[in-house]
Amino acid sequence: MNLSEYKVFFIVVTAVVALFVASPVLSRVLVYPRTEFFSEMWLLGPNHKAEGYPYNISRGQNYTVFLGIGNQLGYCLYYVVEVKFRNETQSAPTSFGPIENRTPSSMPSLFNISAFVTDEQDWELPMSFSFDYEVSLDRSQVIFHNLTLNDEILGLDGYSTAWNGTRTVFFGNLMFELWIYDAQATALSYHGRFVDLKFNMTTY
Amino acid sequence: MKGWVVPFCVSLLLILFFVPTCLAVDEGQARSAIVEANQTIKDCYLAVAAADKAGGNVSGMLSVLQDAGMLLSKADLALGKGDFDSAYNLAVQSKAKLDGFIVEAHSVKDAAEHSGYVDFMINIVGSSAGTVGVVVGSFAVWFWLNRRYGKVGHVEQDES
């Protein structure tokens with residue numbers, strides 16, 4: 001028996017068995033590390049697609065959209081979505097520049113929605129809403145009374161929007177701003193992201 | 001008869017008028033119930049985040065936390081509308097939903113840490129030690145085989 005003839009076979013068998021035994025370690029070590037950590041936020045139309053968003057709003061009519069959050073930050077997060085409404089002249093959240101420098105709208109939050117999302121998980125909520133408003137007698141502005149969001153009546157007293165002759169709309173803007181709970185500061189901080197719906201408040 | 005009927009009716013009216021007023025919740029009580037519920041949610045979130053970090057399954061707990069958060073939002077809304085009774089009740093309900101939550105989160109975290117330790121010992125330490133054992137064992141077997149049969153092979157070659 002000449003052992004040297006079996007040397008290569010023996011090495012190959014040893015390597016295969018060693019790789020098999022080492023596979024649990026290798027499966028953890030040979031993983032490409034995550035380099036991008038971020039949060040996602042989206043708004044889908046009534047058919048759960050990025051289309052068919054409500055634009056021409058009628059008084060008392062119900063509309064449905066889907067609000068979603070995706071957590072890719074590497075740990076479980078406590079998100080708060082602040083629901084805000086504004087007209088054309090009121091403050092909007094900023095959309096440009098580094099995300100950490102973006103600022104939220106200065107309008108007060110009408111309602112807060114909490115979402116607790118673990119890493120690499122999504123959260124989604126169907127949002128059904130309707131507006132109650134009236135058009136002024138001279139038809140120059142829309143005066144809002146309330147917004148019903150998922151059966152919660154949110155007061156819009158003092159909110160109004162003037163007729164924009166250039167764009168031919170009574171402009172309304174429903175915003176959903178993303179805030180996160182900062183455990184070190186023990187407070188909510190703006191996460192630099194928002195989604196919104198722009199409306200034409202029709203007179204019918 | 002007439003002597004006690006009038007005072008009785010007046011007393012009854014006074015009671016009916018004042019008792020609900022006395023039992024009603026004022027703004028301060030509602031506000032402090034909301035602050036308390038808010039703090040409870042934050043504490044529970046930190047506990048569940050720690051359990052999640054340890055590798056525990058926290059999906060059921062997150063859904064409870066979600067419900068408590070929604071109740072708190074409704075309490076905030078009611079407070080804004082000046083409905084202090086509802087605000088107080090919703091805040092109390094929110095807090096009650098989280099009774100025993102932190103203890104549960106800690107036990108999930110402990111179980112996850114134990115399971116993580118076992119997993120580490122088997123999959124990392126065991127696998128690493130096993131790999132070294134396979135390589136060293138193979139060399140040992142090779143040298144043993146070489147010592148035992150290598151000479152025979154050499155002799156056989158010589159004889160041929």
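Since we're looking at a predicted model, the values are computed, not measured.

About the thresholds
Residues numbered from 1 in each chain as written. Chains lettered and ligands numbered in written order. Predicted model: local features only at pLDDT ≥ 70, side-chain atom pairs only at ≥ 80, totals over all residues. Helix = DSSP H or I, 4+ residues; strand = E, 2+ residues; numbered from the N terminus. Contact = placed C-beta atoms within 7 Å. Nonpolar A, V, L, I, M, F, W, Y, C, P; charged D, E, K, R; others polar. pLDDT = per-residue confidence, 0-100. Buried ≥ 20, exposed ≤ 12 C-beta atoms within 10 Å, placed from the backbone. Pairing = 2+ DSSP bridges.

Caption draft 1: Spotlight on the environment of Asp182(A). Examined against the element boundaries, Asp182(A) turns out to sit in strand S10 (residues 169-182). With near-sequence residues (within four places) excluded, Asp182(A) lies in contact with Ala187(A) and Ser189(A).

Caption draft 2: Molecular detail of the interface of chain B and chain A. Listed as interface residues are 34 residues of chain B and, on the opposing side, 24 residues of chain A. Looking at the side of chain B that touches chain A, the elements that each hand over two or more residues are helix H2 (27-53), helix H3 (59-80) and helix H5 (101-159) of chain B. Sort the elements by how many residues they give to the side of chain B that touches chain A and H5(B) lands first, with 16 residues. Residue composition of the side of chain B that touches chain A, by class: 16 nonpolar, 12 polar and six charged.

Caption draft 3: Expanded view of the confidence of the model for chain A. Averaged over all residues, the pLDDT of chain A equals 93, while 100% of them reach at least 70. Put simply, helix H1 (residues 7-29) of chain A is where chain A has its lowest mean pLDDT, 90, and strand S3 (residues 63-72) of chain A is where it has its highest, 97.

Caption draft 4: Molecular detail of the pairing of strand S4 (residues 77-86) of chain A. All names here are of chain A. Across the 10 residues that make up S4, a large majority, nine, are buried. When S4 meets strand S5 (residues 111-117), the two strands line up antiparallel, connected through seven bridges. Note that in S5 the partner of Glu82 across the bridge is Asn112. Here S4 pairs with S10 via eight bridges, running antiparallel. Within S10, the position partnered with Val83 by the bridge is Phe176.

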